[in-house]
Amino acid sequence: KNEVEQSPQNLTAQEGEFITINCSYSVGISALHWLQQHPGGGIVSLFMLSSGKKKHGRLIATINIQEKHSSLHITASHPRDSAVYICAAHFDFGNEKLTFGTGTRLTIIP
Amino acid sequence: EAGVAQSPRYKIIEKRQSVAFWCNPISGHATLYWYQQILGQGPKLLIQFQNNGVVDDSQLPKDRFSAERLKGVDSTLKIQPAKLEDSAVYLCASSRTGGVGYTFGSGTRLTVV
């Protein structure tokens, strides 16, 4: 069964802290997305990756295909990073269908 | 590049009324998706189009929901008649083949009263 699990479900941290959100999946995937959703807002795709590591500003995403695990890191966290972070996976090669994790609600306190 | 456009942004209707949502994907994106996101849950795929053909509509409640993408570009999603449990954010997304460039619209928040 194609499943995506995230942890933690909720995360509260002080401004400036290093944040890690984890995502694991049940079987092989072709690619994985990290998505950001602000309260009442739409979804923004942060990264799409199938191997290795990607970096954009203070955000870093890594994926370990053998361990079926991905992480999203935020360095020097800021209150504007407060949002729900969702990982979503393409399980079927050549199929664009996404299976979503349950999301991690991140709150950064000033 | 312009993003995925959706309208309206908000809609409030009474139960048993009908409603339609519109989506214009990113130019050149062959695949278009409609998702339903109920408060506190992850998005649920309602229907996926490849150009103007349906790839997956297994979770679309076909007794009340319909969607079309006649010219393989923009799309409409309709609910008729609406129920209270249809209150959700309806997200449209588009991508190139293989999920490359996957982009979500800002969504339409539907409230059924």
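Being a predicted model, the structure only gives us computed values, none of them experimental. (Residues numbered from 1 in each chain as written. Chains lettered and ligands numbered in written order. Predicted model: local features only at pLDDT ≥ 70, side-chain atom pairs only at ≥ 80, totals over all residues. Heavy atoms only, no water.)

J.: Would you take a moment to explain the overall build of chain A for this structure?
T.: Helix and strand counts for chain A come out as zero helices and 11 strands. Once the C-alpha set of chain A is aligned to its principal axes, its extents read approximately 40 × 30 × 20 Å. Every one of the 110 residues in chain A was classed for burial, and the buried ones make up 44%. In chain A, the proportion of contacts linking residues at least 24 apart, taken out of those at least 6 apart, comes to 55%. About 5,300 Å² of surface is accessible on chain A, with carbon and sulfur atoms providing 50% of the total. (Helix = DSSP H or I, 4+ residues; strand = E, 2+ residues; numbered from the N terminus. Buried < 20%, exposed > 50% of the residue type's maximum accessible area, 1.4 Å probe, protein only. Contact = heavy atoms within 4.5 Å. Areas by Shrake-Rupley, 256 points an atom, 1.4 Å probe, with all protein chains shown as cover.)

J.: Just to check I follow, could you spell out unusual backbone geometry for this structure?
T.: Leaving glycine aside, a negative phi is the common case for residues, and trans is the common case for peptide bonds. At the junction of Ser7 of chain A and Pro8 of chain A, the peptide bond is cis and its omega measures out at -10° in the coordinates. At the junction of Gln80 of chain B and Pro81 of chain B, the peptide bond is cis and its omega measures out at -5° in the coordinates. Relative to the assigned elements, Pro81 of chain B resides in the loop between β8 (75-79) and β9 (88-95). Even without a glycine there, the phi angle at Lys68 of chain A is positive, about 55°. With respect to the element layout, Lys68 of chain A can be found in the loop between β7 (59-64) and β8 (69-74).

J.: Please clarify how the interface of chain B and chain A should be interpreted in this entry.
T.: Counting residues at the interface gives 22 residues for chain B, matched by 15 residues for chain A. Looking at the side of chain B facing chain A, the largest losses of area belong to Pro43, Tyr102 and Phe104 of chain B, adding up to 33% of the total buried there. In this assembly, chain B and chain A are joined by zero salt bridges. The tally of links from chain B across to chain A stands at one residue pair in polar contact (both at pLDDT 80 or more). For the side of chain B that touches chain A, the secondary structure elements donating two or more residues are β4 (31-37), β5 (44-50) and β9 of chain B. Here the side of chain B that touches chain A takes four residues from β4 of chain B, the largest share from any one element. Within the side of chain B that touches chain A, the residues separate by chemical class into eight nonpolar, 10 polar and four charged. (Buried area = accessible area lost by both parts, 1.4 Å probe. Salt bridge = Lys/Arg side-chain N within 4 Å of Asp/Glu carboxyl O. Polar contact = N/O pair within 3.5 Å; in protein donor to acceptor, adjacent residues only side chain to side chain. Nonpolar A, V, L, I, M, F, W, Y, C, P; charged D, E, K, R; others polar.)

J.: Whenever I open this one, the sheet that holds strand β1 (residues 4-7) of chain A confuses me. Can you help?
T.: Hydrogen bonds between backbone groups are what pair the strands of a sheet, and the pairing can be parallel or antiparallel. Residue and element names in this part refer to chain A. Here five strands make up an open sheet; going across it, the order is β1-β3-β8-β7-β6 and the pairing antiparallel. Both outer strands of the open sheet, β1 and β6 (52-56), are each paired with one neighbouring strand and no more. The average angle at which neighbouring strand axes cross in this sheet is 15°, direction not considered. In this sheet, β8 lies alongside β7 in antiparallel orientation, the contact comprising six bridges. Counted as the bridge partner of Thr62 is Ser71 from β8. (Pairing = 2+ DSSP bridges. Axes fitted to C-alpha atoms, helices over the stretch in contact; angles between N-to-C directions.)

J.: Any chance you could explain the pairing of strand β11 (residues 108-112) of chain B here in plain terms?
T.: Regular strands have side chains that alternate between both faces of the sheet. Residues and elements named next belong to chain B. Alternating residues of β11 divide into Thr108, Leu110 and Val112, all buried, and Arg109 and Thr111, none buried. Sheet topology note: the strand β2 (residues 10-13)/β11 ladder contains four bridges and is parallel. The residue of β11 that forms the bridge with Lys11 is Leu110. Alignment of β9 against β11, held across three bridges, turns out to be antiparallel. For Val89, the partnering residue across the bridge sits in β11 and is Arg109.

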